[in-house]
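Fold and geometry: a report
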Amino acid sequence: MSLLELRGVTRRFGGLAAVSNITAHVDTGELVGLIGPNGAGKTTLFNLLTGVYAPSEGAVVFDGRDTRGMRPCRIAALGIARTFQNIRLFRELTALQNVKVAVNLRARASLFSAVIDTMGQRADDARLEALARECLTAMGLEHVGDNRSCDLPYGLQRRLEISRALATRPKLLLLDEPAAGMNPFEKQDLMQLIRTVQTTFNVTVLLIEHDMKVVMGICKRIYVLDYGQLIAEGTPAEIRANPKVIAAYLGEETI
């Protein structure tokens, strides 16, 4: 069953179509890759999925709902979370505090309860803190919860972004180049963590990544963008053998 459907999605900026007539789907439980060169429209597509941009044409349907006109916070509440190509953490907050900011999306207590500090509010706070710590542990960050995010090594900051996204309890997790800047050992660990997270949190994953070893190693199905248009879709083996993909992006020696 399709969790996400893009139906002829186009986004124009002036006379330029950053993405054009994109029709694609991501089924529940899948781990799907989205690849293409810089400027192909990958991050624009993520911005369309999360409500940062509205489609100029077409529709984005998530979990049976057309999200056109919805604000990003509403789309996040429906169950879409993302990370960013450039890390966007609250630098002066601790790792745990960064994640607790996100878990508030799933708070149950009312604003009135928070003001008067009721027993229900305290119970909800404890539940949310437990969820935040669970998300840190899932990404191997339980030992740095009290460290400021700006003091963490780059690879752990990348993990923290994923942990924060998971804290919203998404149905669909959008990862925008999570392996960027990581060394080969960190990338191997990240691949295993993404697989573990997908199973543990029962989350569907759509992954943008330039490192072909990462994409080919964990994704079961891959879409390829070129100048804002989809030029290929298939399994890693099919993408490896696709002449358009080889000519446009990868080079025969790359895969």
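Fair warning: this is a prediction, and the values are worked out from it, not measured in the lab. (Residues numbered from 1 in each chain as written. Predicted model: local features only at pLDDT ≥ 70, side-chain atom pairs only at ≥ 80, totals over all residues. Heavy atoms only, no water.)

Turning to helix α3 (residues 95-103), its buried residues are A95, L96, N98, V99, A102 and V103. What you see down the axis of α3 is that its buried residues fit within an arc of 160°, all on one side. (Buried < 20%, exposed > 50% of the residue type's maximum accessible area, 1.4 Å probe, protein only. Helix = DSSP H or I, 4+ residues; strand = E, 2+ residues; numbered from the N terminus. Arc of directions from axis to C-beta.)

The next thing to look at is unusual backbone geometry. Notably, D63 is not glycine yet its phi reads approximately 50°, a positive angle. When you line up the elements, D63 lands in the loop between β4 (57-62) and β5 (65-66). Assessed through its relative accessible area of 35%, D63 is described here as partly exposed. Phi at R169 is positive, roughly 55°, even though this residue is not glycine. As for its placement among the helices and strands, R169 is situated in the loop between α6 (154-166) and β7 (172-176).

This part is about the nonpolar core. Ranked by internal contacts, the top residues of the largest apolar core, which has 49 residues, are V99, L160, L166, L173, I218, I222 and I239. The residues contacting I218, other than those within four sequence positions of it, are L31, M191, I194, R195 and L207. Counting residues in each nonpolar core, the second largest holds 26 residues, with L4, V19, A40 and I75 among its members. (Core = buried A, V, L, I, M, F, W, Y, C linked by side-chain atoms within 4.5 Å. Contact = heavy atoms within 4.5 Å.)

The subject of this paragraph is helix α7 (residues 184-200). Over its 17 residues, α7 extends 24 Å from the first C-alpha to the last, a length consistent with the 24 Å expected when each residue adds 1.5 Å. Within α7 the residues assigned to the buried category are L190, M191, L193, I194, V197 and Q198. At the N-terminal end of α7, a side-chain oxygen is found 3.0 Å from the backbone nitrogen of F185, two or three residues along, and the residue is N183. Positive backbone phi, at 50°, marks N202, one or two positions downstream of α7. (Expected span 1.5 Å × (residues − 1). Polar contact = N/O pair within 3.5 Å; in protein donor to acceptor, adjacent residues only side chain to side chain.)

All right, on to the pairing of strand β1 (residues 2-13) then. Where a strand is regular, its side chains alternate between the two sheet faces. Two elements, β1 and strand β2 (residues 16-27), share eight bridges in a ladder whose sense is antiparallel. Across the sheet, residue L4 finds its bridge partner in β2, namely V26. Where β1 folds back on β2, the antiparallel hairpin that results is connected by two residues, among which G14 adopts a positive phi of roughly 65°. (Pairing = 2+ DSSP bridges.)

This part takes up the packing of aromatic side chains. Under the criterion given, the structure shown has one aromatic pair. The interplanar angle of 75° and the centroid separation of 5.1 Å between the aromatic rings of F13 and Y53 together place this pair among those described as edge-to-face. Highlighted residues: F13 in strand β1 and Y53 in the loop between α1 (42-49) and β4, separated in sequence by 40 residues. A residue is classified by how much of its surface remains accessible, and Y53, at 26% relative accessible area, is partly exposed. If you follow R11 out to its NZ or CZ, it ends over the ring of F13, 4.6 Å from the centre. (Phe/Tyr/Trp six-rings, centres within 6.5 Å; stacked < 30°, edge-to-face > 60°. Lys NZ or Arg CZ within 6 Å of the ring centre and 35° of its normal.)

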